[in-house]
Amino acid sequence: FSDLLIGSMVHDIRSILTHLKTDCHAIMEETACGGNSRSKRLTARVQRSFEFLEAALTDMEAFARALPTDREPQRLAALVGNALELAQNNVRREGFDTDVVRIELAVSERIVVEVAPSQVTMSLSNVIKNAYESFVVPGGTLRPGTIHIEATCMDGLVTIVVRDDGMGISPDESHGSLLLTPGRRNKSKRHSTGYGLPIAMRNFTAHGGSLTLESRENEGTTVTMTLPLPSR
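What counts, and where the lines are drawn
Residues numbered from 1 in each chain as written. Predicted model: local features only at pLDDT ≥ 70, side-chain atom pairs only at ≥ 80, totals over all residues. Heavy atoms only, no water. Helix = DSSP H or I, 4+ residues; strand = E, 2+ residues; numbered from the N terminus. Buried < 20%, exposed > 50% of the residue type's maximum accessible area, 1.4 Å probe, protein only. Contact = heavy atoms within 4.5 Å. Areas by Shrake-Rupley, 256 points an atom, 1.4 Å probe, with all protein chains shown as cover. Pairing = 2+ DSSP bridges. Axes fitted to C-alpha atoms, helices over the stretch in contact; angles between N-to-C directions. Left-handed = near helix turned anticlockwise from the far one by under 90°. Nonpolar A, V, L, I, M, F, W, Y, C, P; charged D, E, K, R; others polar. Patch = residues over 30% accessible without salt bridge, like charges linked within 9 Å, V, L, I, M, F, W, Y side chains within 5 Å. Salt bridge = Lys/Arg side-chain N within 4 Å of Asp/Glu carboxyl O. Lys, Arg positive; Asp, Glu negative; His and termini not counted. Charge placed at Lys NZ, Arg CZ, Asp CG, Glu CD. Core = buried A, V, L, I, M, F, W, Y, C linked by side-chain atoms within 4.5 Å. Parallel < 35°, antiparallel > 145°, perpendicular 65-115°, else oblique.

Peer 1: So what's going on with the overall build of the protein chain? Residues and values would help.
Peer 2: Within the protein chain, the regular secondary structure consists of five helices and nine strands. Going from N to C terminus, the protein chain has its helices and strands arranged as α-α-β-α-β-β-α-β-β-β-β-α-β-β. Per-residue burial for the protein chain yields a buried fraction of 37% across its 232 residues. Counting contacts in the protein chain only where the partners sit at least 6 residues apart, residues at least 24 apart contribute 70% of the total. Element-wise, carbon and sulfur atoms account for 54% of the exposed surface of the protein chain, whose accessible area totals about 13,200 Å².

Rendered as structure tokens:
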């Protein structure tokens, strides 16, 4: 019922948004031709608000969408590689230079998991994108830093760790499970919709795994995810 309700709400809001965008774009075009500097700043702010609302609706849909039950063998290294590329493309689209952040990969080509690949790729991408955003500094640039991604196998589980040495999370924003509550935005990240980590946790849990987070302000964040290994 919750999934149906959220899906219906997102559909209705998106329909309203479509009409609003059409009207506002017409106003923006008129402003661009003859508006003053203040009106142009306001229309640019409206444009950014539309983009954020669309991103939030997309994330709400992803969180409410039923998870696929089909699983197929996948090389974990390939999933991580695809997720890294997706995260980097999303970060670049927001105007950041990803080259200043060093990536350390330690994922064996021999590790195979049975998963719904799109769900795990999306989840890993959300976590890696968060790691990139931890290096954002005032002025809209990324500072140099390191994101370390590794995977180890033990006791029938593969453990995937994504660790960064970025800004970390303030004590006010890191109260236990509230950090993974859908829609709870990280105020330090300007593009946060509050759904990235909850989507990742939901997807890993649905695969029989887990997701936990540890963070210290000004020191960095570590996200630990697990997946069951295929039974031999």
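Peer 1: Give me the sheet that holds strand β2 (residues 101-106): which residues, what numbers.
Peer 2: Overall, mixed pairing links the five strands, which are arranged β2-β6-β7-β9-β8 in an open sheet. In the strand order of this sheet, the two ends are held by β2 and β8 (210-216), each with one partner. When strand polarity is set aside, the average angle formed by the axes of neighbouring strands in this sheet is 10°. Across eight bridges, strand β6 (residues 145-154) lies against strand β7 (residues 157-164) in antiparallel orientation. Across the sheet, Cys153 pairs through a bridge with Val158, a residue of β7.

Peer 1: I'd love a proper account of the packing of helix α4 (residues 117-133) against helix α5 (residues 196-206), names of residues and values included.
Peer 2: Packing of α4 against α5 brings their axes to within 9 Å, and their N-to-C directions diverge by 145°. Classified by chirality, the crossing of α5 by α4 is left-handed. Contacts between α4 and α5 involve Gln119, Val120, Met122, Ser123, Leu124, Asn126, Val127 and Asn130 on the former and, on the latter, Gly196, Leu197, Ile199, Ala200, Asn203 and Phe204. Of the residues belonging to the contact of α4 with α5, the class tally is eight nonpolar, six polar and no charged.

Peer 1: Give me a positive patch on the surface: which residues, what numbers.
Peer 2: Taken together, Arg38, Arg41, Arg45 and Arg48 make up a surface patch of like positive charges. Take Arg41: it is sitting in helix α2 (residues 37-64). On the basis of relative accessibility, which here comes to 53%, the residue Arg41 falls in the exposed class.

Peer 1: Just give me the short version of the pairing of β6, but keep the residues and values in it.
Peer 2: Note that β2 and β6 share six bridges and pair parallel. Residue pairing in the sheet places Ala106 in a bridge with Glu150 of β6. From the end of β6 to the start of β7, which pair antiparallel, there are two residues, and Asp155 there has a positive phi angle of about 55°.

Peer 1: Break down the nonpolar core for me, with residues and values.
Peer 2: Leu76, Ile160 and Met225 are the most contacted members of the largest nonpolar core, which totals 35 residues. Breaking this core down by element, the ones donating at least two residues are α3 (76-93), β3 (112-115), α4, β6, β7, α5 and β9 (220-228). With eight residues, the top contributor of residues to this core is α3. Aside from chain neighbours lying at most four places away, what touches Met225 is Leu124, Val127, Val158, Thr159, Ile160, Val162, Phe204, Ser210 and Leu211. In terms of nonpolar packing, the next biggest core, distinct from the first, is built from nine residues, Leu17, Met28, Leu57 and Ile199 among them.

Peer 1: Explain the packing of α3 against α4 to me, using residue names and the numbers behind them.
Peer 2: Across the interface, α3 lies against α4 with an axial gap of 8 Å and an inter-helix angle of 50°. In this view, α3 runs oblique relative to α4, as classed from their interaxial angle. In this structure, the crossing between α3 and α4 has a hand that is right-handed. Counting all contacts with α3, which are made through Leu79, Val80, Asn82, Ala83, Leu84, Leu86, Ala87, Gln88, Asn90 and Val91, the residues of α4 involved are Pro117, Val120, Thr121, Leu124, Ser125, Ile128, Lys129 and Tyr132.

Peer 1: Please give an account of the pattern of salt bridges that cites residues and values.
Peer 2: Opposite charge on two side chains lets them pair, provided their charged atoms get close. By the definition in use, this model includes four salt bridges. Two residues, Lys129 and Glu133, come together in a salt bridge whose shortest N-O distance is 2.5 Å. In this pair, Lys129 and Glu133 are both assigned in helix α4, four residues apart and thus about one turn of the helix distant. For the pair shown, Lys129 and Glu133 are each scored as buried. Arg163 is the partner of Glu150 in a salt bridge, and the nearest nitrogen-oxygen pair spans 3.6 Å.

Peer 1: Describe the pairing of β7, and please don't skip the residues or the numbers.
Peer 2: Sheet faces and side chains relate simply in a regular strand, where the side chains alternate between the two faces. Pairing between β7 and β9: eight bridges, direction antiparallel. Bridged to Ile160 within β9 is Met225.

No statement about biological role is implied by the geometric values presented.
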